[in-house]
Every structure is written in C-alpha cells, then in structure tokens.
Amino acid sequence: MQDKQKTITLVARADWIFVLSLVGYPLVSGVIEIFSMNSRVISVPFRAVVAAASCYVVLMFVIKRARFRLSLFWACWVLFWMGYLSRILVDGRLNPAALQLPEWEYWLYAVGVSMLPALAVGVRAEKLSASCSLNRVVTVAAAAIAINIVILSSIYGFDLSLTSSFLRAETETLNPIALGQLSVTCMIASAWWLAGTSVTRSRWAMLYYLAFFIGLVGLFISGSRGPVLSLIVVIAAVIFKSNLVAKLFFGVLFALAAITVALTPFLSDFYLIERVTTQMWSDSIRIGLLAEALNLIGQHPFLGNGVAPMVVYPHNIIIEAFMVGGVTMGLLLLIILGISTFQALSLLDLRNPRGWIALIFIQYAVAAMVSGSLYIVSPMWVAMAAVMGSGSLYCRER
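For clarity, every value in this text was computed on a predicted model and none was experimentally measured.

Asks: Can you help me understand the overall build of the protein chain in this one?
Replies: Looking only at helices and strands, one finds 14 helices and two strands in the protein chain. By sequence separation, contacts in the protein chain at least 24 residues apart represent 78% of the contacts at least 6 residues apart. Summing over all exposed atoms, the protein chain offers an accessible surface of approximately 17900 Å²; the carbon and sulfur share of this is 67%.

Asks: Any chance you could explain helix α7 (residues 205-222) here in plain terms?
Replies: What sets the pattern is the α-helix's 3.6 residues per turn: residues three or four places apart point alike. The first and last C-alpha atoms of α7 sit 26 Å apart over 18 residues, in line with the 26 Å expected at 1.5 Å per residue. Of all 18 residues that make up α7, 13 are buried, and the element is covered over most of its length.

Asks: Can you help me understand the packing of aromatic side chains in this one?
Replies: The geometry of two aromatic rings is summed up by the distance between their centres and the angle between their planes. Inspection of every chain in the model, using the stated rule, returns 12 aromatic pairs. Between the aromatic rings of Phe 73 and Trp 74, the centroid separation amounts to 5.1 Å while the plane-to-plane angle is 90°, which identifies the pairing as edge-to-face.

Asks: What exactly am I supposed to notice about unusual backbone geometry here?
Replies: Glycine aside, residues mostly have negative phi, and peptide bonds are mostly found in the trans state. One non-glycine residue with positive phi stands out, namely His 315, at about 65°. Looking at where His 315 falls in the secondary structure, it is placed in the loop between α11 (284-299) and α12 (317-347).

Asks: For this particular structure, what's the right way to read the packing of helix α6 (residues 176-195) against helix α13 (residues 355-371)?
Replies: In a pair of packed helices, the angle between the axes and the distance between the axes together describe the arrangement. For the pair α6 and α13, the least separation of the axes is 10 Å and the interaxial angle reads 160°. The angle between α6 and α13 falls in the class roughly antiparallel. Considering only the axes of α6 and α13, their crossing is right-handed. Contacts between α6 and α13 involve Ile 177, Gln 181, Leu 182, Val 184, Thr 185, Ile 188, Ala 189 and Trp 192 on the former and, on the latter, Gly 355, Trp 356, Leu 359, Ile 360, Gln 363, Tyr 364, Ala 367 and Ser 371. Class assignment for the residues of the contact of α6 with α13 results in 11 nonpolar, five polar and no charged.

Asks: How do you make sense of the nonpolar core when you look at a structure like this?
Replies: Side chains that are nonpolar tend, in soluble globular proteins, to be buried together. With 123 residues, the main nonpolar core has Trp 77, Phe 80, Tyr 84, Trp 356, Met 380 and Trp 381 as its most contacted residues. Residues contacting Trp 77, with those up to four places away along its chain left out, are Met 115, Ala 118, Leu 119, Ile 336, Trp 381 and Met 384.

Asks: I keep staring at the pattern of salt bridges and nothing clicks. Help me out?
Replies: A pair can form between side chains of opposite charge whenever their charged atoms are brought close. The final tally for this structure, using the stated rule, is three salt bridges. Where Glu 103 meets Arg 93, a salt bridge forms, and the shortest distance between an N and an O atom there is 2.9 Å. You can see Glu 103 sitting in helix α4 (residues 103-124) and its partner Arg 93 sitting in helix α3 (residues 72-94), a full 10 residues away along the chain. A relative accessible area of 18% means that Glu 103 is categorised as buried.

Asks: What exactly am I supposed to notice about helix α2 (residues 39-64) here?
Replies: Here α2 contains 26 residues, and its C-alpha end-to-end distance of 37 Å stays within 8% of the 38 Å for a straight helix at 1.5 Å per residue. Among the residues of α2, Ser 43, Phe 46, Arg 47, Val 50, Ala 51, Ala 53, Ser 54, Val 57, Val 58, Met 60 and Phe 61 are the ones counted as buried.

Asks: Looking at this structure, how should I read the side chain of Thr 173?
Replies: Looking at the element boundaries, Thr 173 is found in the loop between α5 (130-156) and α6. From its side chain, Thr 173 meets the backbone oxygen of Ser 29 in a polar contact 3.3 Å long. In this structure, Thr 173 is in contact with Tyr 25, Ser 29, Ile 32, Glu 33 and Ser 39, ignoring residues within four places of it in sequence.

Asks: Looking at this model, I keep getting lost on the environment of Ile 149. Mind explaining?
Replies: Here Ile 149 shows up in helix α5. The class for Ile 149 is buried, based on a relative accessible area of 14%. Between the C-alpha atom of Ile 149 and that of Ile 221, which follows or precedes it by 72 residues, the distance is 8.1 Å. In this structure, Ile 149 is in contact with Val 217, Gly 218 and Ile 221, ignoring residues within four places of it in sequence.

Procedures and definitions
- Residues numbered from 1 in each chain as written.
- Predicted model: local features only at pLDDT ≥ 70, side-chain atom pairs only at ≥ 80, totals over all residues.
- Heavy atoms only, no water.
- Helix = DSSP H or I, 4+ residues; strand = E, 2+ residues; numbered from the N terminus.
- Contact = heavy atoms within 4.5 Å.
- Areas by Shrake-Rupley, 256 points an atom, 1.4 Å probe, with all protein chains shown as cover.
- Expected span 1.5 Å × (residues − 1).
- Buried < 20%, exposed > 50% of the residue type's maximum accessible area, 1.4 Å probe, protein only.
- Phe/Tyr/Trp six-rings, centres within 6.5 Å; stacked < 30°, edge-to-face > 60°.
- Axes fitted to C-alpha atoms, helices over the stretch in contact; angles between N-to-C directions.
- Parallel < 35°, antiparallel > 145°, perpendicular 65-115°, else oblique.
- Left-handed = near helix turned anticlockwise from the far one by under 90°.
- Nonpolar A, V, L, I, M, F, W, Y, C, P; charged D, E, K, R; others polar.
- Core = buried A, V, L, I, M, F, W, Y, C linked by side-chain atoms within 4.5 Å.
- Salt bridge = Lys/Arg side-chain N within 4 Å of Asp/Glu carboxyl O.
- Polar contact = N/O pair within 3.5 Å; in protein donor to acceptor, adjacent residues only side chain to side chain.

Just distances and angles here, no functional claims.
What follows is the structure in structure tokens.
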C-alpha cells in the first residue's frame, strides 16, 4: 500500500513537471512584473525546483526498476543530448569567449529546463493522467495570459481594439513569441476538451470557452507570426488524422473565432493580420541567419562549429543541430523528430485522452523550426517525451 502511494505521488509530481514545463514560466513572469522584482529572484528558483523534481523522478525510476528496453528513439535521444552537452563542455573549457551567454546558463537551460524535465516526463509518461494534465494546462495557461494582458494594458495603455501602431506586445520577462505560443496552447487544449465533452451537460464548458477566448485575445495581442503558423499546422493535422467529430468541432470553433475577428471593423489595422498577410513567408533577418548557419555548416560539416558560433541562433533547430555538432548531431535530431512526429500522428484520435498532447508537440515542433534554439525549446522536448514515453521506453516492476 505504501509503495502504491509513493508511485501515485511520483506520477503526480511528473504531471506537474509536464504542466510547469509547458506553461509555468509565463505565469511566473507575470508575478515578476506585478511585484517589479528582479527576474532571476523568482525565475531561477522556479527553474531549479522543476529541475530538482525532475532529477528526483528520474532517480526514483532508476532505483525502483530493474529492466529497461531502449528503443531506437530513446537511443538516438540519449546520443543527441550526450553530443550536445559534450559541445557545451568543450566550448566552455577550450573557447569560453565564443559563448554568447555564461556557460552556467547553457547548462541550466539545456539540462535543468529541457533535458531533465523531458526525461522525467518520458519515464513516467505511461502513467500520466492526461485529463488532469489538460485541466492544469488550461488553468495555468489562461491565468498566465490574463495576468500578462492586464500587465500589458498598464504598460502600453491599450484596449482590445489593437492596431498596427501598437506593434508587438511584450514585457521585460515575456516576449511576443512566448505569449503567442502560450495562447495557442491554451486554445488547443481548450478546444480538445470541448470536442471530447458533451458541452450541454458539463457545467465546466463555459470556463473552457472562456479559456479559448482568452487564448485568442492573447494570440492577437502578441502580434507574432510563428504561433499562427503553429496553429495552422495543428488544425491541418487534426483534419488529416483525427475522427469526424474532432474535425467538425475544431473546424466550427476556429471558424467562429475567425468570423468574430473578420466582423471587427478594424481588422485591417491589426498588426498580427498585417504581418500574416504581408510578411508570413518573407523575413530578411531570418533568411540571413539561415544563410550564415548554412555557410558555417559548409565550413565544418563533420565536427560542427560549437554551441554558439553565431551572435543569434539560426531560428531552426535542425539547421542548428547540423551547425553545432555536424552531420552526426543533425541526423540524430532528424531521426528523433521523424519518429516522434509519426507517433504523435498515430495518437490523434478524439477517443484517445492523450491526443491533445500530440497536438501540443506538433505546435512546439513547428515553433522550433521558425523561432527556437535547441537548449531553450523545453515545451517541445517535454511534449515529445510525453508522446513517446508510453510506448518506447518501458520497464517492468521487480
């Protein structure tokens, strides 16, 4: 009985690691702004707590289990992270001046924010409560968006008739892309719950509709194109793979959201609409970054160029992997992404309570292709582990 209780506690802790890794920091950033605190006073302890909890879950998993089966995915995953961490170690020892950040920050984000939480979620994914995690994600995400909207209102003095003169909304601790992706996560999770629930019988339905609307407002306030692209790909995945009920519900819900916006008389003045319609597929800055990264890959295709050979990362994790660690790291990442994407698509069924996690992974995988760096795309790594953990890495109780 006591062992069973410990297992439940361990699983609950992994549930919260999953939730906090996805949507925890934006809520923390809101608290930082409200109390006008130094961001590191709260953000660093927050990261440390998540990392410590992740480490505990992994260690307890190893102690309690006797047999493991390492799949191709997890073998490549381990090799990839060993290669990436080795590059941080080598660069920190041999060429610290080339790093764009202090070495300890690379270790904090790569290990404490991305790798360890993903591993903790992965080893306990088969026992995660998908419904509880969804409820927590929606609650925390909606609260974080609402708090940051209030903060942005006090900073910029805007109302919801947001125009192009406003440009992109951000605070000192939360950038527009992060706000936009958080909003899309809130919309996806809310829509999935509503699609799988008899909304006429549920007293919670209005709260999820409200959360969806809060996410929609947050997306427009962010003024960022990347989250819109992620949302488009997610909707396409639902239409391609999910069952008819999910297709119809997602289609109607997002169509109503689009119509609501379209009926707004100041639609053309929205900065987000302007960016999507005129700048969605053209970005000279990102094209320049990709060209620089490809040039570096050509110079050192086998050994790579190190963790930070560019002042700004190339905004594409596949290109970055080839740039950092050469062909080996690049191919490992391609294998990881290919297997996890296939697994995610296989989970897309409204009858599967984990289907929404697959959509979250797809969202952040797309985000990582246009606006991410390997060591800071923790939502993608954690969602990927949740998608893969139940089927790829397993063990037997003694």
